[in-house]
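# Results of the structural survey
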Amino acid sequence: MTVEMLSALIALLVALGGGLWIFAQVILRQLDSRFEAQEAARKESAQHWERHFESITGSNNELRKEITRLELDFTQFQARVAKDYVSRETWVEHVGAVNIKLDRICERVNDLRNLRS
């Protein structure tokens, strides 16, 4: 091998190496720009879903408040019912007692009428 061939071979190898280096740099830049685009899309998607979940959480908080209010209303209703409600048996007993008292009053009025006549 001559010096000229060796220098030509070295120049060719340097040129190929430089070309590969430039090609690798171009590929890396394209990959960087793709990764940056993907990262931007990921951040935008994350923001979108965060807003969406916040709206769901907000509506859940409103529902929780409404459920809490309904539970309180129901508890108050139960307290009123326990205070005002009279069972059927108790009602029958009271009505029976009132009827017995009315019957006794009627009997006494009739006895008084019979005594006057």
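Throughout what follows, the structure given in this document is the object of discussion. (Residues numbered from 1 in each chain as written. Predicted model: local features only at pLDDT ≥ 70, side-chain atom pairs only at ≥ 80, totals over all residues. Heavy atoms only, no water.)

## Here we look at the overall build of the protein
The criterion, for reference: Only DSSP runs of H or I reaching four residues or more are called helices, and only runs of E reaching two or more are called strands; each is numbered from the N terminus. It is over C-alpha atoms that the radius of gyration is taken, and the globule rule equals 2.2 Å times the number of residues to the power 0.38. Only protein chains enter the area calculation, which uses a 1.4 Å probe; residues under 20% of their type maximum are buried, those over 50% are exposed, and those in between are partly exposed. Every accessible area reported is derived by Shrake-Rupley at a probe size of 1.4 Å, with residue values counting cover from the shown protein chains alone. Two residue types count as positive, namely Lys and Arg, and two as negative, namely Asp and Glu; His and chain ends fall outside the count. Throughout, a charge is located at the NZ atom of Lys, the CZ atom of Arg, the CG atom of Asp or the CD atom of Glu.
Along its length, the protein carries two helices and zero strands. Computed over C-alpha atoms, the radius of gyration of the protein comes to 49 Å, more than 25% over the 13 Å expected from 2.2 N^0.38 for 117 residues, which places it beyond the range of a compact globule. On the principal axes, the C-alpha backbone points of the protein span a range of 165 × 20 × 15 Å. Per-residue burial over the protein gives 0% buried out of 117 residues. When the accessible surface of the protein is totalled, it reaches about 11,200 Å², and 63% of it is carbon and sulfur. One way to put it: in the protein the 16 positive side-chain charges average out to a point 11 Å from where the 17 negative ones average out.

## Here we look at the pattern of salt bridges
Selection rule: We define a salt bridge as a side-chain nitrogen of Lys or Arg found within 4 Å of a carboxyl oxygen belonging to Asp or Glu.
Enumeration according to the criterion identifies three salt bridges in this entry. A salt bridge links E66 to R69; the shortest N-O distance between them is 2.5 Å. Here E66 pairs with R69, and both are found in helix α1 (residues 3-84), just three residues apart, close to one helical turn. A relative accessible area of 39% means that R69 is categorised as partly exposed.

## Focus on a nonpolar patch on the surface
Our working rule: Exposure above 30% relative accessible area and the lack of any salt bridge qualify a residue for a patch; like charges then connect within 9 Å, and the nonpolar side chains Val, Leu, Ile, Met, Phe, Trp and Tyr within 5 Å.
Together, L6, L9, I10, L12, L13, V14 and L16 line one region of the surface with nonpolar side chains, adding up to about 650 Å² of accessible area. Mapped onto the elements of the fold, L12 is located in helix α1.

## Quick notes on the environment of I27
Along the chain, I27 falls in helix α1. Of the residues examined, I27 reaches a relative accessible area of 32% and is grouped as partly exposed.

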